[in-house]
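Commentary on secondary and tertiary structure
Listed here are the chains, written in short residue letters.
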Amino acid sequence: MHEWRTIPWHKLERKVFKLQKRIYKAANRGDKRTVRKLQRLLVKSWSAKCLAVRKVTQENQGKKTAGVDGVKSLTPKQRIKLVGQLTFSNKAKPARRVWIPKPGRDEKRPLGIPTMYDRALQGLVKFALEPEWEAYFEHNSYGFRPGRGCHDAIAAIFNTIRFKPKWVLDADIAQCFDRIDHQALLLKLNTSSTFRKQIRAWLIAGVVDAGLLVATPEGTPQGGVRALRSVQR
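Residues numbered from 1 in each chain as written. Predicted model: local features only at pLDDT ≥ 70, side-chain atom pairs only at ≥ 80, totals over all residues. Heavy atoms only, no water.

Once that is clear, we can look at the side chain of arginine 145. Topologically, arginine 145 is positioned in the loop between helix H5 (116–134) and helix H6 (150–161). A residue is classified by how much of its surface remains accessible, and arginine 145, at 5% relative accessible area, is buried. At a separation of 2.7 Å, a polar atom in the side chain of arginine 145 contacts the side chain of serine 141. (Helix = DSSP H or I, 4+ residues; strand = E, 2+ residues; numbered from the N terminus. Buried < 20%, exposed > 50% of the residue type's maximum accessible area, 1.4 Å probe, protein only. Polar contact = N/O pair within 3.5 Å; in protein donor to acceptor, adjacent residues only side chain to side chain.)

Another point: the packing of helix H1 (residues 9–28) against helix H3 (residues 46–59). With their axes 9 Å apart at the nearest point, H1 and H3 run at an angle of 115° to one another. On the basis of their axis angle, the class for H1 and H3 is roughly perpendicular. Of the two elements, H1 crosses H3, and the hand of that crossing is left-handed. Of H3, the residues touching H1 (which contributes Trp9, Leu12, Glu13, Lys15 and Val16) are Trp46, Ser47, Ala48, Cys50, Leu51 and Arg54. Of the residues that constitute the contact of H1 with H3, the class distribution is seven nonpolar, one polar and three charged. (Axes fitted to C-alpha atoms, helices over the stretch in contact; angles between N-to-C directions. Parallel < 35°, antiparallel > 145°, perpendicular 65-115°, else oblique. Left-handed = near helix turned anticlockwise from the far one by under 90°. Contact = heavy atoms within 4.5 Å. Nonpolar A, V, L, I, M, F, W, Y, C, P; charged D, E, K, R; others polar.)

Here we come to a positive patch on the surface. Judged by side-chain charge, Lys11, Arg14, Lys15, Lys18, Lys21 and Lys25 come together as a positively charged surface patch. Assignment of secondary structure puts lysine 15 in helix H1. (Patch = residues over 30% accessible without salt bridge, like charges linked within 9 Å, V, L, I, M, F, W, Y side chains within 5 Å. Areas by Shrake-Rupley, 256 points an atom, 1.4 Å probe, with all protein chains shown as cover. Salt bridge = Lys/Arg side-chain N within 4 Å of Asp/Glu carboxyl O. Lys, Arg positive; Asp, Glu negative; His and termini not counted. Charge placed at Lys NZ, Arg CZ, Asp CG, Glu CD.)

Here we come to the pattern of salt bridges. If you walk through the whole model with that rule in mind, you get nine salt bridges. The salt bridge partner of lysine 55 is glutamate 59, with a shortest N-O separation of 3.4 Å. Note that lysine 55 and glutamate 59 are positioned in helix H3 at a spacing of four residues, about one turn of the helix. Overall, the relative accessible area of 41% leaves glutamate 59 in the partly exposed class. Between arginine 145 and glutamate 134 there is a salt bridge, with its nearest N and O atoms 2.9 Å apart. You can see arginine 145 sitting in the loop between H5 and H6 and its partner glutamate 134 sitting in helix H5, a full eleven residues away along the chain. One salt-bridge network, in which partners are shared between bridges, spans Glu13, Arg54, Lys55 and Glu59.

Our focus in this paragraph is the confidence of the model for the chain. Averaged over all residues, the pLDDT of the chain is 90; the fraction at 70 or higher stands at 95%. The spread of mean pLDDT over the elements of the chain runs between strand S2 (residues 108–113), the lowest at 87, and helix H2 (residues 32–43), the highest at 98. Scored below 50 in pLDDT, residues 227–233 shows 30 contacts in the model against residues more than four places distant or in partner chains. (pLDDT = per-residue confidence, 0-100.)

Next up on the list: the pairing of S2. Two strands pair when backbone bridges link them, and strand S1 (residues 95–101) and S2 are joined in this way by six bridges, in the antiparallel orientation. Its bridge partner being in S2, isoleucine 100 is matched across the sheet by arginine 109. Linking two consecutive strands that pair antiparallel, namely S1 and S2, is a turn of six residues; a positive phi of about 75° is found at glycine 104 within it. (Pairing = 2+ DSSP bridges.)

Okay, structure coming up:
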């Protein structure tokens, strides 16, 4: 068994990235069968599991944020153990509700913090699904995509309007994430049964708010691998 501190991270990153490139290329040419095969290979990979665990336990700002099980700040031995535990099922623990203030407002935004285990498993699924969807996204979309951010969007807007005035439409859908239809989302995702069952389990797991379990028949929890960058409690 590897010691956590001696794991060759650059080698693991190269392995996972090569698999992700193959997934992207297969999705780009419409080869769904190869996409699914490579995704299964990736999520079973020890390298990908290690990277997913490192992401949520060491790199994310929310690494010290506990879910309903109270687990946070894992030791190197606990991280190795977590890597060996990552498996898919149709079960998930509820998220812990945390309310954070909206910038410049008196309102608060709800986050659903998954357990450390579910966070690591979500990171593993993200490794597999992200390269597939990179092949489908439009070239001028910037939200929640690797290697892109708001400054890229600002630059694209500037280059579009710098020579000729154009209309700009700003749309803000009230409680968008809280009202997403689960079935519509899973149909749109159009993924393997293994991923679909696990993602559905996360969607319907519910949230614990002030000690009370609240059902989640609709909506998606804002507090997974990416959203945890904004909260540390």
